[in-house]
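In case you want the letters, here they are:
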Amino acid sequence: MSHDAVVIVGGSLAGLHTAEALRGENWTGPIVVVDADDEPRFDRPPMSKEYLAGTVPDQKLLLRDRARLDGLGATWLLGQAVTAVEPARRVVRLADGRELAYADLVIATGVSPILPRALAVPSAHLLRRKADADRLRQHLRPDRSLIVIGAGFIGLEVAATFRAAGARVDVVEALATPLLRQVGPQVGGALRRIHERAGVVFHLGRQATSVTEQGDGVAVTLDDGARLTADALLVAVGSVPGTAFLEGSGLEVADGVVADGHLQVAPYVHAAGDVVRWPHPLAGRSVRIEHWMTAIEQAKYVAKRIAGTGGDEPFAALPYFWSDQYDRKLQVHGFPSADAHLELLDGDLDADRFAAVYLVDGRATAVVAVNHPRQVLAGRRRVLAELALQEAP
Ligand SMILES: Cc1cc2nc3c(=O)[nH]c(=O)nc-3n(C[C@H](O)[C@H](O)[C@H](O)COP(=O)(O)OP(=O)(O)OC[C@H]3O[C@@H](n4cnc5c(N)ncnc54)[C@H](O)[C@@H]3O)c2cc1C
């Protein structure tokens, strides 16, 4: 068995970018990309926004067309899950029993949405794959109604898309504020008001305890006894990292595959994208980030490490994400936290646009902005400067 290939497990955003970046770094050896999905090339952010709304055609959802993929000269094993890894022998096992030897292995298996048992009726919708968006879109009509469980980004984006199409939307959230963990109470509160003005009904501080199917729709019971009914149900309560196949491999898993500061999991084993947990030098702790941009930055970094063309410093890109809801573009750079002090840079939280920084012990750890791209970049520079300052011995 020859160990000359880079094997990439997961061929979506992080896996694809790793393969491309390897070629960009003039790595000429074989690349094998394995993905459990038959078509991992679909980009996910539009699935809760413009693709769900029907304003972006299927073709535009593709990260790359076939010709560009072919140009990479990689082998794509699609519809094939990796079921095991043996780092000592440097092989991975596929679902059909085949083994692949690797020179270097890249774990880029992302996350999958959680469906709690109490909510698991056959008609419940989850949103991760194109087929999920296609199925959910069948309810996107003014005469339909949707219950969303979970007021995180995906839940709120879908709520906005459905309300914009005229559907009735209820959002159930266990915490007191939407997006509390992601952006804190003040910005979460501002987003709540935007949704309420658009007609979304929130049930905050409430747990959904059971779901039953009723005719063509669903009935959801909350922990205060309230009962909501709608044509469709979206469960968007979080996700689990794709690490089941690492069981028995000896590689460390703790809410993600655990890597060092160089995104290295073990000798010849690297990780990139939503699945990896690593010590972020600027955060001062280990993090796992589910953001589109971070997945790409990590893929490029890992490719440099494998090709021997860079990645000597630990991976320290400042996390960035965006979210589109109605006519608002939310952008966040850095490490927002619920207990930080919010300092406004421009506007106020109920204005059409604003920008603010999160201060922890007087230092900016994150910047948030709505419809304010210029201020958010200025804020990003400040966050980078202040976090780096803190790092100095
Ligand atoms: C609906 C939605 C909206 C989003 N919107 C935004 C946004 O607005 N802004 C933002 O910053 N981020 C957004 N994101 C997050 C962003 O899409 C992710 O950060 C990004 O997809 C991560 O890429 P990845 O390659 O790490 O993982 P994924 O895209 O999840 O790809 C992982 C791949 O690994 C494959 N795989 C898993 N296990 C195995 C196995 N054992 N064997 C073989 N293959 C396997 C899967 O089939 C999958 O193709 C959104 C995500 C979703 C779902």
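Parameters and conventions
Within each chain, residue numbers correspond to sequence positions counted from 1 in written order. Local features are withheld for residues below a pLDDT of 70 in this predicted model, meaning they are given only at 70 or higher, and side-chain atom pairs are given and counted only at 80 or more; totals for whole chains, interfaces and linings count all residues. Hydrogens are left out, water is left out, and the side-chain values use all remaining heavy atoms of the structure. Here, a salt bridge means any side-chain nitrogen of Lys or Arg that lies within 4 Å of a carboxyl oxygen of Asp or Glu. The secondary structure listing takes helices from DSSP runs of H or I that are at least 4 residues long and strands from runs of E that are at least 2 residues long, numbered from the N terminus. Buried means the residue's accessible area, taken with a 1.4 Å probe over protein chains only, is under 20% of the maximum for its type, while exposed means over 50%, and partly exposed covers the values in between. By convention, a stacked pair of Phe, Tyr or Trp rings (six-membered ring in the case of Trp) has centres within 6.5 Å and planes under 30 degrees apart, an edge-to-face pair has planes over 60 apart, and any other such pair is tilted. Definition used: whenever NZ (Lys) or CZ (Arg) falls within 6 Å of the ring centre and also within 35 degrees of the ring normal, the charge is taken to sit over that ring. One heavy atom suffices: a residue is near a molecule or strand as soon as one of its heavy atoms comes within 4 Å of it. Identification of polar contacts relies on pairs of N or O atoms within 3.5 Å, with a donor-acceptor requirement for protein atoms, meaning one able to donate a hydrogen and the other able to accept it, and with residues adjacent in sequence counted only if both atoms are side-chain atoms. Exposure was quantified through the Shrake-Rupley algorithm and a 1.4 Å probe, taking into account, for residues, occlusion by the shown protein chains and nothing else. Classification convention: Asp, Glu, Lys, Arg as charged; Ala, Val, Leu, Ile, Met, Phe, Trp, Tyr, Cys, Pro as nonpolar; all other residues, Gly among them, as polar. Where each domain begins and ends is defined by an automated method or by a domain database. Buried area: the accessible surface (1.4 Å probe) lost by two parts on joining, summed over both. Joining through side-chain atoms within 4.5 Å is the link that ties buried Ala, Val, Leu, Ile, Met, Phe, Trp, Tyr and Cys residues into a set, and such a set is a nonpolar core. Only heavy atoms matter for contacts: two residues are in contact if any of them lie within 4.5 Å across the pair.

Caption draft 1: A look at the pattern of salt bridges. Within the structure shown, the criterion is met by 28 salt bridges. Note that Glu-20 and Arg-64 form a salt bridge whose closest N and O atoms lie 2.5 Å from each other. Taken together, the positions of Glu-20 in helix α1 (residues 13-24) and Arg-64 in the loop between α3 (58-61) and α4 (66-71) put the pair 44 residues apart, joining distant regions of the chain. For the pair Glu-20 and Arg-64, one class covers both residues: buried. Residue Arg-193 is joined to Asp-350 by a salt bridge in which the shortest nitrogen-to-oxygen separation is 2.7 Å. With Arg-193 in helix α7 (residues 180-198) and Asp-350 in the loop between β24 (341-346) and β25 (354-360), this residue pair connects regions lying 157 residues apart in the sequence. Residue classification places Arg-193 among the partly exposed positions, given a relative accessible area of 31%. Given a relative accessible area of 39%, Asp-350 falls into the partly exposed group.

Caption draft 2: The packing of aromatic side chains, seen in detail. What the rule picks out here adds up to five aromatic pairs. Here the aromatic rings of Phe-153 and Phe-321 are separated by 4.7 Å at their centres, their planes lie at 65 degrees, and the arrangement is edge-to-face. Of this pair, Phe-153 sits in helix α6 (residues 153-164) while Phe-321 sits in strand β22 (residues 320-325), and the two are 168 residues apart along the sequence. The burial state of Phe-153 is the same as that of Phe-321; both residues are buried. Ring pairing ties together the aromatic residues Trp-278, Tyr-301 and Phe-315, which thus form one cluster. For the cation-ring pair, Arg-90 lies above Tyr-268, with the distance from its terminal atom to the ring centre recorded as 4.0 Å. Lying across the ring of Tyr-51, Arg-137 places its NZ or CZ 4.4 Å from the centre.

Caption draft 3: Quick peek at the site of the ligand. Close contacts around the ligand come from 33 residues, with Asp-35, Arg-44, Lys-49, Arg-128 and Asp-274 the closest. A distance of 3.3 Å separates an oxygen atom of the ligand from a polar backbone atom of Leu-13. A distance of 3.1 Å separates an oxygen atom of the ligand from a polar atom in the backbone of Trp-292. Relative to its unbound accessible area of 1000 Å², the ligand is 91% covered by the protein chains. Within the residue set of the shell around the ligand, elements represented by two or more residues are α1, β2 (31-35), α6 and β22. A per-class count over the shell around the ligand returns 17 nonpolar, eight polar and eight charged. Domain assignment of the residues forming the shell around the ligand places at least three in each of domain 1 (6-112 + 240-307) and domain 2 (115-237).

Caption draft 4: Quick peek at the domain arrangement of the chain. Domain parsing of the chain yields domain 1 (6-112 + 240-307), domain 2 (115-237) and domain 3 (327-391). A separation of 30 Å is found between the C-alpha centroids of domain 1 and domain 3. With both chains or domains summed, domain 1 and domain 3 bury close to 480 Å², and 69% of this area falls on carbon and sulfur atoms. On the domain 1 side of the contact with domain 3, Pro-281, Leu-282 and Arg-285 bury the most area, a combined 72% of that side's loss. Where domain 1 touches domain 3, the interface holds zero salt bridges. Inspection of the region where domain 1 meets domain 3 yields zero residue pairs in polar contact (both at pLDDT 80 or more). In terms of residue class, the side of domain 1 that touches domain 3 is made up of four nonpolar, one polar and one charged.

Caption draft 5: Quick look at the nonpolar core. One finds Val-7, Leu-105 and Ile-107 to be the most contacted residues of the largest nonpolar core, which totals 68 residues. Both domain 1 (6-112 + 240-307) and domain 3 (327-391) contribute no fewer than three residues apiece to this core. In contact with Leu-105, not counting residues within four places along its chain, are Val-7, Val-9, Val-85, Val-92, Tyr-268, Val-269 and His-270. In terms of nonpolar packing, the next biggest core, distinct from the first, is built from 45 residues, Leu-156, Ala-167, Tyr-358 and Val-370 among them.

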